[in-house]
Amino acid sequence: MGCAPSIHVSQSGVIYCRDSDESNSPHQTTTISQGTATLHGLFIRTDAADSIPSVLAYQSRQPPPPPSAGPRRKDRREPGASARARTPRCCGIEAETQTSNASVKVSTTEVQIGPMRLTQDPIQVLLIFAKEDNQSDGFWWACDRAGYRCNIARTPESALECFLDKHQEIIVIDHRNSKYFDAEDICRSIRATKPSEHTVILAVVPRISADQEETSVLPLLNAGFDRQFMENSSITACYNELVQIEHGEVRSQFKLRACNAVFTALDHCQEAIEITSEDHVIQYVNPAFERMMGYHKGELIGKELTELPKSDKNCADLLDTINTFIKKGKEWQGVYYARRKSGDSIQQHVKITPVIGQGGKIRHFVSLKRLHCANENNKQLYKSHRDEKYTEDNSQSEPHSFKCKNRRKDSTDVKSITSQAPSLQTRRYSSMARIHSMTIEAPITKVINIINAAQENSPITVAEALDRVLEILRTTELYSPQLGTKDEDPHTSDLVGGLMSDGLRRLSGNEYVFSKNMNLSHSHLSVPNTINDVPPCIAQLLDNEESWDFNIFELEAVTNKRPLVYLGLKVFARFGVSEFLNCSEATLRAWLQVIEANYHSSNSYHNSTHAADVLHATAFFLRKERVKGSLDHLDEVAALIAATIHDVDHPGRTNSFLCNAGSELAVLYNDTAVLESHHTALAFQLTTKDSKCNIFKNIDRNHYRTLRQAIIDMVLATEMTKHFEHVNKFVNSINKPMGSEETSSHSEGSDCECTANIKNFPDNQTLIKRMMIKCADVANPCRPLELCIEWAGRISEEYFAQTDEEKRQGLPVVMPVFDRNTCSIPKSQISFIDYFITDMFDAWDAFAHLPVLMQHLANNYKHWKTLDELKCKSLRLPSENNN
């Protein structure tokens, strides 16, 4: 500059400097020529302002005077204040002086989009006003109050330059008159730039009188504006408008802007990815998908999947199977043949995941596809993709360390690594040799070694898949599902949390004491009735005990809550238990009476009626041909005894409750399977304590130990924390091999061969017995509707009582949703069936063939769904109540 600059503060309190030879026109160049000014704790480079004429960088000013102080604009024009502001100083000193009065500290904001956590910088606002007035002042002070960074531009050119430099999130354009510039033209010019995609543009329009008709907003929207603001110079009105925009459009645009990172990741992903709408219209494919299928994305996006040619190598019903899964919101994965653009069929590993959107409905399907290199076509295609990828990678200048991180060993210079550290390599081979020569090797170690060996000569897609397998195998909980965001429904969360945890939250000073004495004597028990003494009404009921629809509650009523003894006598006689154990009928009756006496009749659910119900279900399952053919007589006897004792002395509280209460049993069994361990231990104590009821006294030691272990194993299997482990083992070891055998063998004796093969493997028999007692223990949803409703009311009452006691004792509430004042029993039943019952009984039905049970389950589920939709508090529909 030719002359020394002078420092000025505008009426808005904005610092700017002028060359001395410039005019005093407010529309002449106004810049801060050098240095860095600190604004509200932020550093704004003033160099940028040099290139933006007619742009004022926002500085802190004294707060506006209160309304009672008179007109603000008049106060800010007081000669004294103006003279003080215009005192010549250098730019740096003047800027620092103004910054010292900053009134708002600006901080970043954390925003969550799905699992992605983002940090949003302070909002930037660009005001485009040709002249300063009360309206521009209102927005200035609103920005100050909100802690936003703010710039003001006087001309269209400076506005565009400022926006391209700073990319403000909010732009406010004066649209009240067209004397100085055309607001819609400015908006269009900004919208023509790429950064404006995520910017919100606000039009300030003149206030209309009461007799004027409000104009349409469509011309503003067509010009590129997002909103209009009716002229209002109130700082609070301007502040409210800006804050609403920040929390609405700006935050939404910020999240959308972050999606660019996700799409970048998808574009560089090696797996082929396809995203479709709920109607299977293709919305996105990544470059890997284009390479695999031979299409360009322009040929695919917008087309329905049905328009693309299909391979004729798939099974006829495969697409129906896939649609059945994904329409229910379930993930499907498997092998699928697809047809490339060239006409070749390729085999793919496909994983299709439904994406739930607004309204809880499926809005998208995401498909991940990898080549299955089992045939020559796929191998050649894979090789061409790998060579193409290798060429792409090497065409880019990458650090050497990154290139050496390739997963496949043929991409790594093994010789150079070995030459650099021969002693390290020698030690490694020596250590590995010792590991592989170990004589004691766990089965999981053998599996991992086999997979490692298979990886050596496998294609990259297979090797990567095996890597994921190894990661899973190295976890400690192989069969526990990943709980968490899957079930947002509080009923499901509470139910799963309560049943699948041991509590493990100890509170000092709280002891839960059983209401019954653990060392019960037998002297008070009456002499058991003989089989001939059974009253006719009971005998008549028991005539129907082989039917699945047998009504256990009628037996409970006529036996005065002692159904276990009578049903036990009938069932044990039918299966020849006394003969197998070599004990008298009197001993067996005495044992049944002792066991039943130690069930708590005060429990609404876990009482001897439940034990009798489980015994009935177990006996029913044992009569199924495939179950019967898979088990020995010892297994049958063990199963019946386990069903009888499986909940003896149950306190009507869950394991989590006992652990949280610090009960003696929880301490005794180290908070692990507390009740199940107690049931078996007490049952054997009661049995062996008195010769009169010791049903094991006449069998040899080896038979007793085998029988005892089988009973203990089955009772412990009823503990819910191992639920998914037992179900998954049964599916993988029984269902899948049996399904393969049935598919490959069409002979008449195939079913006999399957059960014979199971008998040859004791471990498989154990899995069947565990699955059988588990299904018998929770078969309530598979009973006829009236019985199902009664059981649902009883278990809910027991959970309600536990919640009441937890609140009284100040214990953690294990299942908060089971509050008797707010709980929806239909919802709890739906959650229980969805999470625990359906998959387990599908697997058990596939083995044992139980069409009656599965029909009851479907009907009962429909009943609970209807009640839930109608929001009925009753457990029965109004029509059922009337009947």
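Since we're looking at a predicted model, the values are computed, not measured. (Residues numbered from 1 in each chain as written. Predicted model: local features only at pLDDT ≥ 70, side-chain atom pairs only at ≥ 80, totals over all residues. Heavy atoms only, no water.)

### Examining the overall build of the protein chain
Our working definition: The secondary structure listing takes helices from DSSP runs of H or I that are at least 4 residues long and strands from runs of E that are at least 2 residues long, numbered from the N terminus. Residue burial is assigned from relative accessible area. The probe radius is 1.4 Å, only protein chains are included, and a residue is buried under 20% of its type maximum, exposed over 50%, and partly exposed in between. To measure how exposed things are, a 1.4 Å probe is used in the Shrake-Rupley method; for residues, cover is taken only from the protein chains shown.
Helix and strand counts for the protein chain come out as 38 helices and 17 strands. Looking at the protein chain residue by residue over its 883 residues, the buried ones come to 45%. Per element, the accessible surface of the protein chain, about 45100 Å² overall, is 52% carbon and sulfur.

### Thoughts on the side chain of Arg783
Just so we agree on the cut-off: Contacts were defined at the residue level, with two residues in contact if any of their heavy atoms lie within 4.5 Å.
Mapped onto the fold, Arg783 is located in the loop between helix H34 (762-777) and helix H35 (785-809). If sequence neighbours within four positions are ignored, Arg783 has contacts with Trp548, Asp613, His616, Ala617, Cys788, His856 and Asn860.

### As for the packing of helix H36 (residues 825-848) against helix H37 (residues 851-870)
To keep things clear, this is the line we draw: Geometry is summarised by axes, namely lines fitted to C-alpha atoms with helices restricted to the contacting stretch, and by angles between N-to-C directions that run from 0 to 180 degrees. We call two directions roughly parallel when the angle between them is under 35 degrees, roughly antiparallel when it is over 145, roughly perpendicular when it lies between 65 and 115, and oblique otherwise. What makes a crossing left-handed is the near helix being turned counterclockwise from the far one by less than a right angle; a clockwise turn instead makes it right-handed. Gly counts as polar in this scheme, as do all residues outside two lists: the nonpolar Ala, Val, Leu, Ile, Met, Phe, Trp, Tyr, Cys and Pro, and the charged Asp, Glu, Lys and Arg.
Contact geometry of H36 with H37 gives a least axis separation of 10 Å together with a crossing angle of 160°. In this view, H36 runs roughly antiparallel relative to H37, as classed from their interaxial angle. Of the two elements, H36 crosses H37, and the hand of that crossing is left-handed. Along its contact with H36, which presents Pro826, Lys827, Gln829, Ile830, Ile833, Asp834, Ile837, Phe841, Asp842 and Asp845, the element H37 presents Pro851, Leu853, Met854, Leu857, Tyr861, Trp864, Lys865, Leu867 and Asp868. Per-class residue counts for the contact of H36 with H37 are 12 nonpolar, 1 polar and 6 charged.

### A word on the side chain of Thr654
Take Thr654: it is sitting in the loop between helix H27 (633-645) and helix H28 (655-661). Once residues within four sequence positions are removed from consideration, Thr654 is found in contact with Leu675, Tyr799, Gln802 and Met815.

### Here's the deal with the pairing of strand S17 (residues 362-371)
The condition is simple: Should DSSP find at least two bridges between two strands, the strands are taken to pair.
Examined bridge by bridge, strand S13 (residues 272-277) and S17 share 6 bridges and lie antiparallel to one another. Its bridge partner lying in S17, Thr276 is registered against Phe365. Of the strand pairs in this sheet, strand S16 (residues 345-356) and S17 are connected by 9 bridges, and their pairing is antiparallel. Of the residues in S17, the one forming a bridge with Lys351 is Leu368. The loop that links S16 with its antiparallel partner S17 comprises 5 residues; one of these, Gly359, has a positive phi angle of about 80°.

### Some points on the packing of aromatic side chains
Keep this limit in mind: Centres within 6.5 Å make a pair out of two Phe, Tyr or Trp rings, where for Trp the six-membered ring is used; the pair is then stacked when the planes are under 30 degrees apart, edge-to-face when over 60, and tilted otherwise. Put simply, a charge is over a ring when the Lys NZ or the Arg CZ is close to the ring centre, within 6 Å, and near the line of the ring normal, within 35 degrees.
For the structure on display, the rule yields 21 aromatic pairs. These aromatic residues form a ring-pair network of at least three members: Trp548, Phe620, Phe621, Phe730, Trp844 and Phe847. For the cation-ring pair, Arg653 lies above Phe657, with the distance from its terminal atom to the ring centre recorded as 5.9 Å. If you follow Arg794 out to its NZ or CZ, it ends over the ring of Trp791, 5.7 Å from the centre.

### A few points about the sheet that holds S16
The antiparallel open sheet is built from 5 strands, whose spatial order is S14-S13-S17-S16-S15. Looking at the sheet topology across the chains shown, the edges are occupied by strand S14 (282-285) and strand S15 (332-339). Pairs of neighbouring strands in the sheet enclose a mean axial angle of 30°, with direction left out of account. Each of S15, S16 and S17 is contacted by helix H12 (residues 318-327), which is oriented at about 140° to S15, the strand it contacts most.

### Considering helix H25 (residues 608-622)
Counted only if it meets this: Take the residue count of a helix, subtract one, and multiply by 1.5 Å to get its expected span. Any N or O atom pair separated by 3.5 Å or less is treated as a polar contact, with the protein-specific requirement of one donor-capable and one acceptor-capable atom, and with residues adjacent in sequence counted only for side-chain atom pairs.
Under the 1.5 Å per step criterion, the end-to-end length of H25 is 21 Å for 15 residues, consistent within 8% with the ideal 21 Å. Counting buried positions over the 15 residues of H25 gives 15, a clear majority of the element. The opening residue of H25 is Asn607, an N-cap whose side-chain oxygen sits 3.1 Å from the backbone nitrogen of Thr609.

### Here we look at the environment of Asn694
When you line up the elements, Asn694 lands in the loop between helix H30 (674-689) and helix H31 (701-716). Take Asn694: its relative accessible area is 12%, and that puts it in the buried class. Along the chain, Asn694 and Thr587 lie 107 residues apart, while their C-alpha atoms are 6.8 Å from each other.

### As for the nonpolar core
Going by this rule: Here, nonpolar core means buried Ala, Val, Leu, Ile, Met, Phe, Trp, Tyr and Cys residues that are tied together by side-chain atoms lying within 4.5 Å of each other.
If you look at the biggest cluster of nonpolar residues, it comprises 112 residues, and the most contacted ones within it are Leu581, Trp591, Phe621, Ile711 and Trp844. Of all the elements, H36 adds the most residues to this core, at 13 residues. Setting aside residues up to four positions removed in sequence, Trp591 forms contacts with Phe572, Ile641, Thr644, Ile645, Thr687, Cys693 and Ile695. Listed in part, the 22 residues of the second largest apolar core include Val125, Phe129, Leu202 and Cys238.

### Observations concerning the environment of Leu126
With respect to the element layout, Leu126 can be found in strand S8 (residues 124-128). Look at Leu126 and you get buried, because its relative accessible area is 0%. As for Leu126 and Ile152, which are separated by 26 residues in sequence, their C-alpha atoms are 5.7 Å apart. When near neighbours in sequence (up to four residues on either side) are disregarded, Leu126 contacts Asn151, Ala153, Ala159, Cys162, Phe163, Gln168, Ile170, Ile171 and Val172.

### Thoughts on the environment of Arg257
Take Arg257: it is sitting in helix H9 (residues 235-268). The partly exposed category is assigned to Arg257, whose relative accessible area is 30%. Through-space distance from the C-alpha of Arg257 to that of His198 is 6.9 Å; in sequence the pair is 59 residues apart.

### Focus: the pattern of salt bridges
As a reminder of what qualifies: By convention in these notes, a salt bridge is any Lys or Arg side-chain nitrogen within 4 Å of a carboxyl oxygen on Asp or Glu.
Counted according to the given criterion, the structure contains 29 salt bridges. Among the ionic pairs, Glu246 bridges to Arg251, the shortest N-O distance being 3.6 Å. Across this residue pair, the class does not change: Glu246 and Arg251 are buried. Of the charged contacts in the structure, one is a salt bridge between Asp819 and Lys807, with a shortest N-O distance of 2.6 Å. Taken together, the positions of Asp819 in the loop between H35 and H36 and Lys807 in helix H35 put the pair 12 residues apart, joining distant regions of the chain.

### Side note on a nonpolar patch on the surface
Put simply, the rule is: Two distance rules govern patches: like charges are joined within 9 Å, and nonpolar side chains (Val, Leu, Ile, Met, Phe, Trp, Tyr) within 5 Å, applied only to residues with over 30% relative accessible area and no salt bridge.
A contiguous nonpolar surface patch, about 240 Å² in accessible area, is contributed by Val217, Leu218 and Leu221. By secondary structure assignment, the location of Leu221 is in helix H8 (residues 218-223). Given the relative accessible area of 41%, Leu221 is considered partly exposed.

### Quick word on the packing of H27 against H34
Running from amino to carboxyl end, H27 crosses H34 at an angle of 30°, the nearest separation of the two axes being 11 Å. Taken together, the axes of H27 and H34 are roughly parallel relative to one another. As H27 runs across H34, the sense of the crossing is right-handed. Seen from H27, the contacting residues are Asp635, Ala639, Ala642 and Ala643; seen from H34, they are Gln765, Lys769, Met772 and Ile773. Across the contact of H27 with H34, the residue classes break down as 5 nonpolar, 1 polar and 2 charged.

### What to know about H34
A rise of 1.5 Å per residue sets the reference length of H34, with its 16 residues, at 22 Å; its end C-alpha atoms lie 23 Å apart and thus fit the reference within 8%. Here H34 lies mainly inside the structure; 13 of its 16 residues are buried.

### A look at the pairing of S8
Our working rule: The handedness of a crossover follows from its direction of travel: if, with the strands pointing away from the viewer, the path from the first strand over the helix to the second runs clockwise, the crossover is right-handed.
The buried fraction of S8 is high, at 5 of 5 residues. Here S8 shows two buried faces, one formed by Gln124, Leu126 and Ile128 and the other by Val125 and Leu127. As paired elements, S8 and strand S9 (residues 149-153) share 5 bridges and run parallel to each other. Residue Gln124 lies in a different strand from S9, and its bridge partner there is Arg149. In this region the chain leaves S8, passes through helix H5 (residues 134-146) and returns to the parallel neighbour S9; the handedness of that crossover is right-handed. Relative to strand S10 (residues 170-174), S8 runs parallel, the two being bridged by 4 bridges. Within S10, the position partnered with Leu127 by the bridge is Val172.

### Re the confidence of the model for the protein chain
Threshold: pLDDT gives the predictor's per-residue confidence on a scale running from 0 to 100.
Taken as a whole, the protein chain shows an average pLDDT of 77; of its residues, 70% reach a score of 70 or greater. In this model, residues 57-62 is a region of pLDDT below 50 whose contacts with residues beyond four sequence positions or in other chains number 30 contacts. Across residues 504-528, where pLDDT falls below 50, the model places 62 contacts with residues more than four positions away in sequence or in other chains.

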